[in-house]
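Descriptive structure summary
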Amino acid sequence: MKIISKLILFLLFSNSVLYAQKEVTGTIKDEAGTLLPGVNISEKGTSNGTVSDFDGNFTISVEENAVLVFSYLGFQAQEIEVSGKSVLNVVMANDQEALSEVVVIGYGAIERDKISSSVSTVEGEELTKVTASNPAESLQGKAAGVQVLSGGGNPGASPQILVRGITSNNGTQPLIVLDGVPLAQGTSLNFLNPNDIKNFQILKDASASAIYGSRASNGVVLITTKRGAAGKPTINFDFSQGFQRLEKINVANADEYIQVMNLRRTNDGSAPIYDQADYNTSTDWWDETIENFAPVTNLNLRASGGSENIKYAASVSYFKQESNYSKGFYEKVTARFNTDFQISDKISIKQDINPRVESYGNTPNVLYNVLRIDPLTPVYLPQDERTGNIFSIYEGSNNQVPNPVGSIARLFNETKFFGLMSNTQFNYEIIDGLNFNSQLGLNINHARQDVFNPTFFTTPNEQRQINNVTRRVDENFNYVWNNTINYTQDFGKHYLNVLGGVLFDSQTYNYVSAYREELPSDENPDLRYIDAAAGEGVSVGGNEAVETIFSGIFRGIYTYDDRYFFTGTIRADESSKFAEGNRLGVFPSVSVAWDVDSEEFFNVDFINNLRFKAGYGQIGNQNIDRNGQFFSIGTGNYVFGGSRVVSNYLSQFGNPALQWETVEDKNVGLTMAIFDNALDFSVEYYEKTSQDLLFNVELPNYTGIPGLVAQNVGSFESKGWDIQVGYNKTWGDFDMDLNMNVSTNQSKAVALAPGNEQLFGQNREDLGNRFIKITELGRTVGLFYGFETDGIFQNQTEINAHSSENGQLIQPDAQPGDLKFVDTNNDGVLNDDDLTTIGNPFPDFYGGFTANMSYKDFDFSMQWYGSFGNDVFNYPRTFMNAGTQDVNIAAGTLGRVWTPENPSAEFPRLTLNDRNGNYQRPSSLFIEDASYLRLRNVQFGYNLDIKGFQKFRVYVSGQNLFTITDYSGFDPEVSAGGDIINDFGIDYARYPVSKTYLVGLNLTL
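Keep in mind the model is a prediction, meaning the values are calculated, not measured.

**So, the overall build of the chain**
The number of helices and strands found in the chain is nine helices and 54 strands. Taking 2.2 N^0.38 as the reference for a compact globule, 1005 residues should give roughly 30 Å; the C-alpha atoms of the chain span a radius of gyration of 32 Å, in line with that estimate. Taken along the three principal axes of its C-alpha coordinates, the chain extends 100 × 65 × 65 Å. Classification of the 1005 residues of the chain by burial places 52% in the buried group. Sequence separation of 24 or more characterises 69% of the internal contacts of the chain that already satisfy a separation of 6 or more. Looking at the chain, you have 73 positive and 119 negative side-chain charges, and the mean spots of the two groups are 4 Å apart.

Structure follows, in structure tokens:
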């Protein structure tokens, strides 16, 4: 940090010395108020010039009576006389005759108005408004059809991106492509600095993503980083500092806890367990474990500039986020160096280098126990009762819940990560319009995880007698070699863009791990290494795997008179994940569009743009177990004749006939802009149907085949609507930009494994060893599963009335105040045959709203995100108002449970034995409507006019400041977990999304 501070001071000083003459400064925007980076500004008749920075600001030293020329692709050039002015704020007008905005598509770039498929764009300046460890978090609510599912509030947590629903049970993450280089499946974007990103392009339909073939079934996210431009060097410094805090959930104090625990017993005819006079401790475990001030620091320094022959953009960033516990953090230092070399009129080279260092301190997962541990237990043992090491000073709880303060103290789990990405591109213009491009992308990752578990004693059930240490090292080396040839040409009213290429992608994974017991010290951190351990408990492991894809691609784009548009692509992939004979997959697509407003017969003055488009394509998924095709031999042992015998057996029955999962995608849409392009909107409908989904199938016993065998037998269907509306207007010095998007999606199972019409997930032993997630044929995937409830029995008459046709009680153990469960199959018996779907974790619709406004030197922005119609399985409800197993309860429980005096209560009576199974079976009691509307981000800034700076902006910002919801848990935006189908929507009281308060500074020299 000292080095960076000195560098900033040096830059400030040198800037004031070098440019101490009269300057003209200003900001450049388009007619909609969007800031324009990269605008060329030149002094007419001279070689003096510069370009606007990433925020549309510029500074240039000129003569008093100079004329400045402003030019930018897609906009009309302007000449403005300086006439002694020191500030020029410029609005660039759209040039309909010029090329429209150039956007990145697969293996190339094209003018936006020639795209006939479904592509959403999120600009980099929108990403930087949210301070987060992962830039994907900033995508939430910014693009229709794109869900960003929370990874939780843990420092460094990675969200999941879901593009237009679920079409596979083998992963839902889209392919990430960084500056043309596809990244390995599951790559976290934590390594990326949001300030380095120019934009995200999300390819949502098959006609856009089929160029990526076998890895595109879940959509494709193209990330383009910022590059330098010719002109005077520009230096940007961005800094923000803030803190995060969690909203407290109040649980019972000692007095209320004692009352509830005693009532549980007296209601069942037993004696009270606690005498209030015996306890003078009331521990607030939230205050003992949670820290209200968790700092977040974000710092970025970048420089760009160059000449016509060499351009550069360099950046260094630092980010640190601490948890709301005494342990747990995420820290990273990243750098990026993008350089462009124009070797000759024919040859250009781009070289990008992106090193990064990351550190994770594993965040404690104790929130669940913070809610459950009884308040009668003190945190620490009395001083005179302490024996053993420093990890044995914690009091054991009365209800057998682990002491969370002790759990945090014993947590030693850190990961250090180093990565280096290199991207080299060589372009040769063979003839006018014909270009050859060769790209070599390298990605090297090295991660080391160290875990130490000390000895300790709290209770006989909460102890560790032998300490241990583990180290795991993962190394990945991936490289991509793309070779393409592209021909682009205009022939009068005809435009042709043809691309062909050969691609190779190789990914190598390897790991080594070691574990050993009995270190000489628990308290000396210098001895927490494998070599320091001396015990006989030893375990080592290691492996290596290589995956390759060899591909050929072709794409043709044709337009006629900027009215009719056609795109066709085809890609052939050969993947090493499949056996020979099944490795080849071919993925075609086609899309068309029609600009109605360009027709002579169309003459509606207020409609500036009207386009219809349609697309069809097939894309694949090769995200399967690389070993699914192989037979595996396992090792076992048994005792025979008093001796240990080692045996071998067939542990996996391979299936060499495995093939690609394929998704067939259809998309139709309409886009329109009206009122001088001030109001624009788009609406699209899509249907995606997957075929040959991979499921693990249990074969009949008579086959003699053990275990599960992978087969291509399933099909999912995903369909929905994407709607996007934008409004942009400028009134004098006031600019306003409003955007809203709304999406719907339904993903259902069309076909499952033969003989299996149901797939289950999330088995819970404490709920009768039952599953709480189900995927059924013909219904939405990943629904909640359990017993349906029909209120609470008020008296014995109601219990007697709930009977079979022959008068047999359906719930013979029920008492007034117990839950009434529905006999869904009407057989007069309540058993597991009555289990049914009880909720849907996926929303009826979701969307976002963004507002950006500025007036002179003031700016204001806010972003909202909402999810509506989705349910959550609130797992803490299984104890928070019941005290099951004597765990603590929510504050105010006595007023929420049924009593004869409180017959309209939401929760059943307090009971120790729970013979009715109120809290021993999954039911709709635990399902809540978790619809919510959240203020994701709000920011207010002011630009100061300080000499020597192009920009000096200060701001205050808040994230997740408030949420409108009826959900009673921590956070309605529950963590998605690793498996969206089986994990999404279940609240296990994991680390929630926290409120963040920030102040920041943006400087441009």
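**Structural notes on the UniProt feature "domain: TonB-dependent receptor plug" (unreviewed entry) in the chain**
Per the UniProt record, the feature "domain: TonB-dependent receptor plug" (unreviewed entry) sits at residues 114-220. Between the C-alpha atoms that bound residues 114-220 there is a distance of 19 Å. The span itself is 7% helix and 25% strand.

**Considering the side chain of Asn-745**
On the secondary structure map, Asn-745 appears in the loop between strand E38 (734-743) and strand E39 (746-751). Engagement of the side chain of Asn-745 in a polar contact is seen with the side chain of Ser-718, the distance being 2.7 Å. Within the structure, Asn-745 has its side chain in polar contact with the side chain of Ser-747 (distance 2.9 Å). Ignoring anything within four residues of it in the chain, the contact list for Asn-745 reads Arg-164, Gly-165, Tyr-686, Ser-718, Lys-719, Gly-720 and Pro-843.

**Re the packing of aromatic side chains**
Summed over the entire model, instances satisfying the criterion amount to 38 aromatic pairs. For the pair Trp-731 and Phe-734, a centre-to-centre distance of 6.1 Å together with 25 degrees between the ring planes defines the contact as stacked. An aromatic cluster is built from Phe-784, Phe-873, Tyr-875, Tyr-919, Phe-926 and Tyr-988, whose rings are joined through pairwise contacts. Positioned over the ring face of Phe-319 is Lys-332, at 5.8 Å from the centre of the ring.

**Describing unusual backbone geometry**
The phi dihedral of Glu-518 is positive, around 65 degrees, even though this residue is not glycine. As for its placement among the helices and strands, Glu-518 is situated in the loop between strand E27 (494-517) and strand E28 (538-560). Take Glu-518: its relative accessible area is 40%, and that puts it in the partly exposed class. Backbone geometry places Asn-677, a non-glycine residue, at a positive phi of 65 degrees. Relative to the elements of secondary structure, Asn-677 occurs in the loop between strand E34 (661-674) and strand E35 (679-691). Judged by its relative accessible area of 34%, Asn-677 is partly exposed.

**Some details on the pattern of salt bridges**
This structure, assessed with the given rule, holds 44 salt bridges. Here Arg-264 and Asp-886 are joined by a salt bridge, their closest N and O atoms 2.7 Å apart. You can see Arg-264 sitting in helix H4 (residues 254-266) and its partner Asp-886 sitting in the loop between strand E48 (871-874) and strand E49 (927-929), a full 622 residues away along the chain. Judged by relative accessible area, Arg-264 falls into the buried class, the value being 3%.

**What to know about the sheet that holds strand E6 (residues 75-81)**
Two strands in a sheet stick together by hydrogen bonds in their backbones, pointing the same way (parallel) or opposite ways (antiparallel). Reading across from one edge, E3-E2-E5-E6 is the order of the four strands in this open sheet, with antiparallel pairing throughout. Each edge of the sheet is formed by a strand with only one pairing partner; in this case those strands are strand E3 (49-51) and E6. Here the strands of the sheet are splayed against their neighbours by 15 degrees on average, with no regard to which way each runs. Sheet topology places strand E2 (residues 40-43) next to strand E5 (residues 67-72); four bridges connect them, and they run antiparallel. Pairing of Asn-40 across the sheet is with Ser-71, part of E5.

**Description of the nonpolar core**
Core analysis: the biggest nonpolar cluster contains 37 residues, and Tyr-257 and Phe-873 have the highest contact counts within it. When contributions to this core are tallied by element, the ones reaching two or more residues are H4, strand E41 (770-776), strand E42 (783-786) and strand E44 (819-821). Looking at this core element by element, the count peaks at five residues for H4. Val-366, Val-405, Val-887 and Tyr-991 belong to the second largest nonpolar core, which has 25 residues in total.

**Some remarks on the environment of Gly-642**
Relative to the assigned elements, Gly-642 resides in the loop between strand E32 (632-640) and strand E33 (643-652). Overall, Gly-642 belongs to the exposed group, its relative accessible area being 71%. Separated by 145 residues in the primary sequence, Gly-642 and Phe-787 have C-alpha atoms spaced 50 Å apart.

**Focus on the pairing of strand E1 (residues 24-30)**
The element E1 is extensively covered by neighbouring structure, given that six of its seven residues are classed as buried. The pairing of E1 with strand E4 (residues 57-60) spans four bridges and is antiparallel. Residue pairing across strands places Gly-26 opposite Phe-58, the latter belonging to E4. Pairing between E1 and strand E7 (residues 90-92): three bridges, direction parallel. Within the sheet, the bridge partner assigned to Ile-28 lies in E7 and is Val-90.

**Some thoughts on the confidence of the model for the chain**
Averaged over the chain, the pLDDT score is 90; the fraction of residues at 70 or greater is 96%. Mean pLDDT values for the elements of the chain range from 41 in helix H1 (residues 2-18) up to 97 in E44.

**Looking at H4**
For H4, which comprises 13 residues, the first-to-last C-alpha distance of 18 Å matches the rise-based estimate of 18 Å (1.5 Å per residue) to within 8%. Buried residues of H4: Ala-254, Glu-256, Tyr-257, Ile-258, Val-260, Met-261, Asn-262, Arg-264 and Arg-265, and no others. You can read the cap of H4 off the contacts: a side-chain oxygen lies 3.3 Å from the backbone nitrogen of Asp-255, and it is on Asn-253.

**What to know about the sheet that holds E4**
Taken in spatial order, the three strands make up an open sheet running E4-E1-E7, and their pairing is mixed. Each having just a single partner strand, E4 and E7 make up the two edges of the open sheet. Averaged over all pairs of adjacent strands, the angle between their axes in this sheet comes to 30 degrees, without regard to strand direction.

**Structural notes on the side chain of Lys-29**
Looking at the element boundaries, Lys-29 is found in strand E1. A relative accessible area of 18% places Lys-29 in the buried class. Among the polar contacts made by the side chain of Lys-29, one reaches the side chain of Asp-735 at a distance of 2.6 Å. Apart from residues lying up to four places away in sequence, Lys-29 is in contact with Thr-34, Leu-35, Leu-36, Val-90, Val-91, Met-92, Asp-735 and Ser-854.

**Section: the environment of Leu-381**
Position of Leu-381 relative to the elements: it lies in the loop between helix H6 (367-372) and helix H7 (404-409). By relative accessible area, which is 15% here, Leu-381 ends up buried. A sequence separation of 52 residues divides Leu-381 from Gly-433, and the C-alpha atoms of the two residues are 79 Å apart. With residues near it in sequence (within four places) discarded, Leu-381 still touches Arg-386, Ser-392, Ile-393, Tyr-394 and Glu-395.

**Thoughts on a nonpolar patch on the surface**
Together, Val-316, Val-333, Phe-337, Val-357 and Phe-418 line one region of the surface with nonpolar side chains, adding up to about 390 Å² of accessible area. Summarising the element assignment, Phe-418 is placed in strand E22 (residues 412-431). For Phe-418, a relative accessible area of 40% corresponds to the partly exposed category.

**Concerning the environment of Asn-497**
Counting through the fold element by element, Asn-497 comes out in strand E27. Along the sequence, Asn-497 and Leu-139 sit 358 residues apart, while their C-alpha atoms lie 31 Å from each other. With residues up to four places along the chain from it excluded, the contact list for Asn-497 reads Ala-109, Ile-110, Asn-486, Tyr-487, Thr-488, Arg-555, Gly-556 and Ile-557. Reaching out from Asn-497, the side chain makes a polar contact with the side chain of Asn-486 at a distance of 2.9 Å.

Rules used in this analysis
- Residues numbered from 1 in each chain as written.
- Predicted model: local features only at pLDDT ≥ 70, side-chain atom pairs only at ≥ 80, totals over all residues.
- Heavy atoms only, no water.
- Helix = DSSP H or I, 4+ residues; strand = E, 2+ residues; numbered from the N terminus.
- Rg over C-alpha atoms; globule rule 2.2 N^0.38 Å.
- Buried < 20%, exposed > 50% of the residue type's maximum accessible area, 1.4 Å probe, protein only.
- Contact = heavy atoms within 4.5 Å.
- Lys, Arg positive; Asp, Glu negative; His and termini not counted.
- Charge placed at Lys NZ, Arg CZ, Asp CG, Glu CD.
- UniProt positions renumbered as here; feature names shortened; annotations may be inferred.
- Polar contact = N/O pair within 3.5 Å; in protein donor to acceptor, adjacent residues only side chain to side chain.
- Phe/Tyr/Trp six-rings, centres within 6.5 Å; stacked < 30°, edge-to-face > 60°.
- Lys NZ or Arg CZ within 6 Å of the ring centre and 35° of its normal.
- Salt bridge = Lys/Arg side-chain N within 4 Å of Asp/Glu carboxyl O.
- Pairing = 2+ DSSP bridges.
- Axes fitted to C-alpha atoms, helices over the stretch in contact; angles between N-to-C directions.
- Core = buried A, V, L, I, M, F, W, Y, C linked by side-chain atoms within 4.5 Å.
- pLDDT = per-residue confidence, 0-100.
- Expected span 1.5 Å × (residues − 1).
- Patch = residues over 30% accessible without salt bridge, like charges linked within 9 Å, V, L, I, M, F, W, Y side chains within 5 Å.
- Areas by Shrake-Rupley, 256 points an atom, 1.4 Å probe, with all protein chains shown as cover.

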